[in-house]
Amino acid sequence: MAITTAPGITRKPGRPAPPYPSGPRRASLGRRVRDNLTGHAFLIGALTCFAFFSWYPMVRGVVMSFQRTRRGVTTWVGWDNYERILADPSFWAAWKNTLYFTFLALVLGYAVPFFVAVLLNELRHAKGYLRILVYLPVMLPPASALFLFKFYAYDPSDAGLFNSVLTALHLPTSQWMQSAEMTMPAMVIASTWMNMGGAVLIYLAALQGIPGELYEAAELDGAGIWRRIRHVTIPQTRLILALLAMLQIVATMQFFVEPLILANGTGTQDSATSVAYLIYQHGFFQNDLNGAAALGVIMLVVLAGFSAAYVRLSAKQD
């Protein structure tokens with residue numbers, strides 16, 4: 001008489017039941033050790049790169065901001081570098097320009113990619129081609145794109161692209177980068193054109209994750225496209241919008257290549273000098289590495305404050 005112990009397994013009376021079929025055998029100890037060593041090797045490599053190329057320069061910059069080096073002799077001067085930097089009128093002018101650029105970038109460079117993504121999401125044909133077209137400027141080297149704007153789009157003569165468009169529309173032309181009032185808006189336009197491709201793709205990914213039933217319900221209620229954007233699209237993409245707003249602030253407050261190429265660094269009446277370019281001036285033109293380090297620490301503290309405020313507000317909303 002056979003005794004059934006498990007499906008498909010029988011035994012004779014008086015004999016111990018065989019063990020249940022076991023799962024896949026565990027990897028041998030040697031293999032697990034090798035796998036762990038490989039993972040730790042990759043981790044150690046990444047940590048080493050961060051330590052030498054990111055963390056060490058940050059710590060070294062903070063230390064240098066409290067020192068002064070003259071003829072190879074380094075002395076500890078405490079807050080003297082910060083007091084000297086804060087007493088420099090160009091410091092406050094640079095922060096004024098930087099905050100103005102950040103504000104314009106939030107008004108223009110933050111809103112345009114979102115509405116371009118909404119437009120692409122609403123289209124039914126040629127989506128792939130238009131996505132490539134929107135992302136194409138991101139693949140251009142920033143210097144090449146800015147030289148294109150400087151010598152072709154922002155040419156102050158009637159031969160310039162933008163002035164030709166304004167002339168065709170019977171509108172007054174502009175001196176663009178030669179005008180103190182138009183320097184910042186012109187740089188924001190160029191920066192938005194160069195960098196909006198990545199943001200558009202992120203917004204498109206978020207928009208495609210919104211359930212279609214929400215839009216169908218809104219259409220049944222008679223909501224037009226603007227009401228659908230306001231009551232469905234924006235609430236559903238709130239987290240992405242907040243995250244990209246924070247990244248936009250952090251990135252635009254460090255703008256450097258735009259004034260360097262478009263406005264030769266300072267622009268008309270110092271209208272283009274940014275904090276990042278001021279750091280460059282102190283470090284490479286004035287040979288004041290300690291002052292440049294102090295400026296970098298001040299910017300680090302300001303950006304860390306913005307990031308902390310964002311994290312705190314995000315935690316409250318969650």
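Refer to the structure presented above.
Residues numbered from 1 in each chain as written. Predicted model: local features only at pLDDT ≥ 70, side-chain atom pairs only at ≥ 80, totals over all residues. Heavy atoms only, no water.

Engineer: Mind showing me how you'd approach the packing of helix α8 (residues 183-208) against helix α11 (residues 238-252) here?
Structural biologist: How two helices sit against one another is set out by the angle between their axes and by the gap between those axes. Two elements in contact, α8 and α11, have axes whose closest approach is 10 Å; the angle formed by their N-to-C orientations is 165 degrees. Considering their axes alone, α8 and α11 lie roughly antiparallel with respect to each other. Read as a crossing pair, α8 and α11 show a hand that is right-handed. Contact residues: A199, I202, Y203 and A206 in α8; I240, L241 and L244 in α11. (Axes fitted to C-alpha atoms, helices over the stretch in contact; angles between N-to-C directions. Helix = DSSP H or I, 4+ residues; strand = E, 2+ residues; numbered from the N terminus. Parallel < 35°, antiparallel > 145°, perpendicular 65-115°, else oblique. Left-handed = near helix turned anticlockwise from the far one by under 90°. Contact = heavy atoms within 4.5 Å.)

Engineer: How should I be thinking about the packing of aromatic side chains in this particular structure?
Structural biologist: Under the criterion given, the structure shown has 23 aromatic pairs. Between F91 and W92, the aromatic rings sit 4.9 Å apart at their centres with planes inclined by 80 degrees, giving edge-to-face as the arrangement. Among the residues examined, W92 registers a relative accessible area of 52% and is labelled exposed. Here Y277 and Y280 contribute two aromatic rings whose centre-to-centre distance is 5.6 Å and whose plane-to-plane angle is 45 degrees, an arrangement assigned as tilted. One end of the pair, Y277, and the other, Y280, are both in helix α13 (residues 275-285), three residues apart, so they sit about a helical turn from each other. For Y277, a relative accessible area of 6% gives the class buried. (Phe/Tyr/Trp six-rings, centres within 6.5 Å; stacked < 30°, edge-to-face > 60°. Buried < 20%, exposed > 50% of the residue type's maximum accessible area, 1.4 Å probe, protein only.)

Engineer: Looking at this model, I keep getting lost on a nonpolar patch on the surface. Mind explaining?
Structural biologist: A surface patch of nonpolar side chains, amounting to about 710 Å² of accessible area, comprises L140, L148, Y152, L161, V165, L169, L171 and W193. Of all the secondary structure elements, the ones that give two or more residues to the nonpolar patch are α6 (142-153) and α7 (161-168). You can call L169 exposed: its relative accessible area is 52%. (Patch = residues over 30% accessible without salt bridge, like charges linked within 9 Å, V, L, I, M, F, W, Y side chains within 5 Å. Areas by Shrake-Rupley, 256 points an atom, 1.4 Å probe, with all protein chains shown as cover. Salt bridge = Lys/Arg side-chain N within 4 Å of Asp/Glu carboxyl O.)

Engineer: Got a minute to help me understand the side chain of N290 in this structure?
Structural biologist: Structurally, N290 can be placed in helix α14 (residues 289-317). Looking at N290, its side chain comes within polar contact range of the main-chain oxygen of Q67, at 3.1 Å. If we ignore the near neighbours within four places in the chain, the residues touching N290 are M64, S65, Q67, R68, T69 and N81. (Polar contact = N/O pair within 3.5 Å; in protein donor to acceptor, adjacent residues only side chain to side chain.)

Engineer: Any chance you could explain a negative patch on the surface here in plain terms?
Structural biologist: Among the surface-exposed residues, E122, E213, E216 and E219 lie close enough to one another that they form a single negatively charged patch. Considering every element that reaches the negative patch, the biggest residue donor is helix α9 (residues 212-220), with three residues. Along the chain, E219 turns up in helix α9. (Lys, Arg positive; Asp, Glu negative; His and termini not counted. Charge placed at Lys NZ, Arg CZ, Asp CG, Glu CD.)

Engineer: I tried to follow α8 on my own but got confused; where do I start?
Structural biologist: Owing to its 3.6 residues per turn, the α-helix aligns residues three or four sequence positions apart on the same side. In this model α8 runs 37 Å from its N-terminal to its C-terminal C-alpha over 26 residues, within 8% of the 38 Å that 1.5 Å per residue would give. The largest bend in α8 is about 50 degrees, located at M196. (Expected span 1.5 Å × (residues − 1). Bend = angle between axes of the 7 residues up to and from the residue.)

Engineer: Would you mind showing me how to read the pattern of salt bridges here?
Structural biologist: Two side chains that carry opposite charge are able to pair once their charged atoms sit near each other. In the structure shown here, the tally under the stated rule is one salt bridge. Between R84 and D288 there is a salt bridge, with the nearest N and O atoms lying 2.7 Å from each other. Note that R84 is positioned in helix α2 (residues 80-86) and D288 in the loop between α13 and α14, a separation of 204 residues in sequence. Given a relative accessible area of 8%, D288 falls into the buried group.

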